[in-house]
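Here are the chains, one letter per residue:
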Amino acid sequence: MNPVATSLLLLAAFAGFGWLVARKLAIVARLAPENRFDRPWSRLSAVVVNGLLQRRMLARDWKPGLMHTIIFLGFLGLLLRKLQLIAIGYYEPFTYPGVFGGAFAAMKDGIEIAVLAALGYAFWRRYVRRPARLEPNREALLILSLILAIMVSDLAFDGFRFALHADSDAGIGHERSFAFAGSAIASAFATLSPAALHTGYQLAYWTQLVVVLAFLVLLPVGEHFHIVTALPVLYFHRGRPANSVPAVDLEAVYADDADAESMRIGVRSARDLTWKEGLDAFTCTECGRCKDACPTFLTGKPLSLKQVNDSVKQHLLAQRGTILAAPAAEDSLPPLVPSVIGDDTLWACTTCGYCEAACPIELEHLPKFYRMRQHRVLMDGEFPHALKAVFAAYEAQSNPWGFAADTRGDWARDLDVAIVRDAGDVARLDYLFYVGSAASFDPRGQRIARALVAIMQQAGVEFGILGARETSTGECVRRAGNELLFQETAKALAGTLRELGVTRIVACDPHAFNSLKNEYPEFGGRYEVLHHTQLIAKLLDERRLTLVPGPERVIYHEPCYLSRHNGEYEAPRRILRALVSDAPLEFALHREKAMCCGAGGGRMWLEETIGRRINVLRVEQALPLSPTTIATACPYCAVMIADGISALDRVGAIETRDIAELVAMAMQRDGTASDEAPRAG
């Protein structure tokens with residue numbers, strides 16, 4: 001071969017690669033600091049499990065996952081081959097010796113054949129099957145073609161090399177005896193003239209080397225930069241669901257001696273993004289998995305994690321000079337919202353968390369959106385008009401409807417429910433029943449609360465409610481960006497619970513359940529919190545409840561803040577298996593891929609003006625299974641699903657009931673089922 005040409009190619013390729021990588025990483029380094037260096041062993045575990053072993057890639061959509069895994073592992077496995085090719089550029093007869101060399105030659109051929117098969121599937125899937133999540137993409141075509149060229153030219157190089165030199169060089173002959181594919185190709189080439197073999201040999205080698213090094217230089221340019229950054233991104237992953245909103249130190253913001261830097265709230269410009277968020281944007285593989293059960297994408301709204309990452313990436317590159325300039329220049333950066341991410345995109349998000357759960361490399365979305373909302377609400381005063389009344393109602397009466405706060409416990413007047421007055425009352429309870437705004441004021445939610453009361457009374461659970469002393473958790477306003485109102489609300493409720501000595505809580509609202517469990521520790525509130533389905537499942541396990549199976553064709557719609565954000569998939573299903581007389585039905589999009597009802601992230605109070613209504617689509621997804629009942633486990637889901645049924649004119653044919661209502665109806669009392677739960681609309 002040619003050591004000079006090899007050296008020049010290597011120098012040019014690595015210089016280009018290093019320069020292009022440095023251009024992007026220099027931007028990342030100038031973004032906001034964030035500590036992602038804790039838990040080193042846990043982080044390394046994520047690199048091994050989801051990076052090297054590709055667990056997330058395989059788990060949710062195994063066919064494309066297997067395709068990607070084969071190509072990825074092939075890429076890693078063939079690194080030794082590329083080192084061999086470089087060595088051949090300096091010393092032509094170079095081979096790996098002995099047993100290792102033979103095993104490697106066989107393994108290399110097996111990998112290349114597997115990668116060719118995976119590439120065939122990739123081309124077929126992208127250009128024949130064309131799933132909705134994959135848009136036309138020239139870069140994907142280029143990269144797949146380059147990988148194909150690398151595989152074909154490598155096999156061809158072996159064929160020419162073995163045909164020319166296997167008989168005269170013992171090392172190459174030893175390699176041929178194991179390289180089954182290369183050997184077969186060499187046999188096919190045996191009839192060619194020595195001149196043709198030599199030409200093919202040279203052409204295959206230099207094609208291989210040039211394509212490999214061109215591929216290397218192209219990596220930092222586009223979406224395939226993730227080949228370089230995916231493993232670091234996995235190492236620096238958050239490692240938990242985004243079930244809490246990034247806190248703001250409001251005391252520092254409003255302190256008398258606060259400077260301009262400490263008065264910053266949320267994300268205004270690119271410089272307010274953390275370095276991890278910038279790295280995420282550059283690392284997005286654009287696989288589109290975040291779209292499969294995203295309620296906004298499926299209903300035609302301008303939001304997907306893939307689109308957001310692409311917009312942020314292009315903006316970071318366009319503003320590179322300003323970002324790298326002195327800190328004073330950051331004021332000249334345009335605001336991310338609405339310049340880069342439109343208001344319609346920002347406020348479309350239901351915070352269901354599907355995109356994060358689906359991303360094979362655990363890119364993060366929700367914290368960035370929460371902080372953008374915080375800036376829009378608290379600094380810009382720009383947010384959907386409908387939220388103004390909601391914020392005012394929460395501020396005045398601690399509920400979104402603005403009903404009088406002192407009527408919060410009226411729903412339970414006829415139920416013989418204990419009202420907690422002091423710490424002594426709490427000490428006698430098994431659980432404090434945190435009712436929440438929906439179950440306190442909304443008629444649909446009240447039926448859920450009444451059903452849960454009947455269940456706990458039947459099972460002998462000692463419980464009480466706060467009544468007029470209960471206030472909202474503030475979960476809704478926090479996810480709508482009003483961190484100031486949330487913290488005022490949370491401090492008040494945490495103070496009440498602390499004064500009363502509350503340590504064990506049951507809640508029928510998954511949003512309140514999540515906030516009390518995962519966010520109230522910020523305010524000194526550390527409780528054992530159960531969702532009502534978890535408590536009911538526990539009571540069934542302890543045989544404190546007996547159910548008479550009855551309903552048929554029941555399908556379960558699971559709340560995002562119970563399942564995806566808190567990992568509870570089994571308790572509701574265990575209950576349903578105990579109370580239905582057939583097998584419970586499942587949506588096509590269920591468990592980890594369940595689609596949101598559309599109420600989260602403050603969307604309960606906002607009209608859908610773009611695309612289709614999310615709750616209507618969710619009900620439509622149940623129709624092929626002809627259910628008689630859609631079971632829910634959240635008062636907001638109950639409202640959204642009922643509205644979807646009504647919009648589709650299926651009232652009477654399908655009803656929606658919370659699991660607590662179904663259990664209350666199925667409870668056995670002296671051999672008869674309870675009729676505590678009124679009919680659901």
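For the structure given in this document, a descriptive report is provided here. Just so we're clear, the structure is a prediction, and the values are computed from it rather than from any experiment.

Looking now at the environment of Tyr254. Note that Tyr254 resides in the loop between helix H12 (250–253) and helix H13 (275–283). In this structure Tyr254 comes out as partly exposed when scored by relative accessible area, which is 49%.

Let us look at the packing of helix H1 (residues 3–29) against H13. Where H1 contacts H13, the axes come no closer than 8 Å and their chain directions differ by 150°. Accordingly, the angle class assigned to the pair H1 and H13 is roughly antiparallel. Together, Lys24, Leu25, Ile27 and Val28 of H1 and Trp275, Gly278, Leu279 and Phe282 of H13 make up the contact between the two elements. Of the residues belonging to the contact of H1 with H13, the class tally is six nonpolar, one polar and one charged.

This part covers the side chain of Glu362. With respect to the helices and strands, the residue Glu362 is situated in the loop between helix H19 (354–358) and helix H20 (366–380). Since its relative accessible area comes to 13%, Glu362 is described here as buried. Here Asn50 takes part through its side chain, which lies 3.1 Å from a polar atom of the side chain of Glu362. For Glu362, the residues in contact, after removing those within four places along its chain, are Ala46, Asn50, Arg56, Leu234, His237 and Lys276.

Spatially, the three strands line up as an open sheet ordered S6-S7-S8, and their pairing is parallel. Since the sheet does not close on itself, it has two edges, and those belong to strand S6 (554–556) and strand S8 (655–658), each with one partner. In this sheet, neighbouring strand axes are inclined to one another by 30° on average, regardless of whether the strands run parallel or antiparallel. Note: strand S7 (residues 629–632) against S8, four bridges, orientation parallel. From the neighbouring strand, Thr629 faces S8, where its bridge partner is Glu655.

Taken in spatial order, the five strands line up as S1-S3-S2-S4-S5 in an open sheet, and their pairing is parallel. The open sheet has two edge strands, strand S1 (418–419) and strand S5 (528–531), and neither has a second partner. Pairing between strand S2 (residues 431–434) and strand S4 (residues 504–507): three bridges, direction parallel. Its bridge partner being in S4, Leu432 is matched across the sheet by Ile505. Each of S2, S4 and S5 touches helix H27 (residues 510–518); the most contacted strand, S5, lies at about 165° to it.

Now for the nonpolar core. One finds Phe433 and Val663 to be the most contacted residues of the largest nonpolar core, which totals 162 residues. Considering every element that reaches this core, the biggest residue donor is helix H24 (residues 443–459), with nine residues. Once you skip the residues sitting within four places of it in the chain, Val663 turns out to touch Ile455, Ile536, Leu545, Leu547, Ile575 and Leu579. Residues Ile147, Ile150, Phe215 and Leu219 belong to the second largest nonpolar core, which totals 18 residues.

Strand direction decides the pairing type here: S4 and S5, joined by four bridges, are parallel. Opposite Ala507, over in S5, you have His531 as the bridge partner. What joins S4 to S5 is H27, and the crossover it makes is right-handed.

So, how was this worked out
Residues numbered from 1 in each chain as written. Predicted model: local features only at pLDDT ≥ 70, side-chain atom pairs only at ≥ 80, totals over all residues. Heavy atoms only, no water. Helix = DSSP H or I, 4+ residues; strand = E, 2+ residues; numbered from the N terminus. Buried < 20%, exposed > 50% of the residue type's maximum accessible area, 1.4 Å probe, protein only. Axes fitted to C-alpha atoms, helices over the stretch in contact; angles between N-to-C directions. Parallel < 35°, antiparallel > 145°, perpendicular 65-115°, else oblique. Contact = heavy atoms within 4.5 Å. Nonpolar A, V, L, I, M, F, W, Y, C, P; charged D, E, K, R; others polar. Polar contact = N/O pair within 3.5 Å; in protein donor to acceptor, adjacent residues only side chain to side chain. Pairing = 2+ DSSP bridges. Core = buried A, V, L, I, M, F, W, Y, C linked by side-chain atoms within 4.5 Å. Right-handed = clockwise from strand over helix to strand, strands pointing away.

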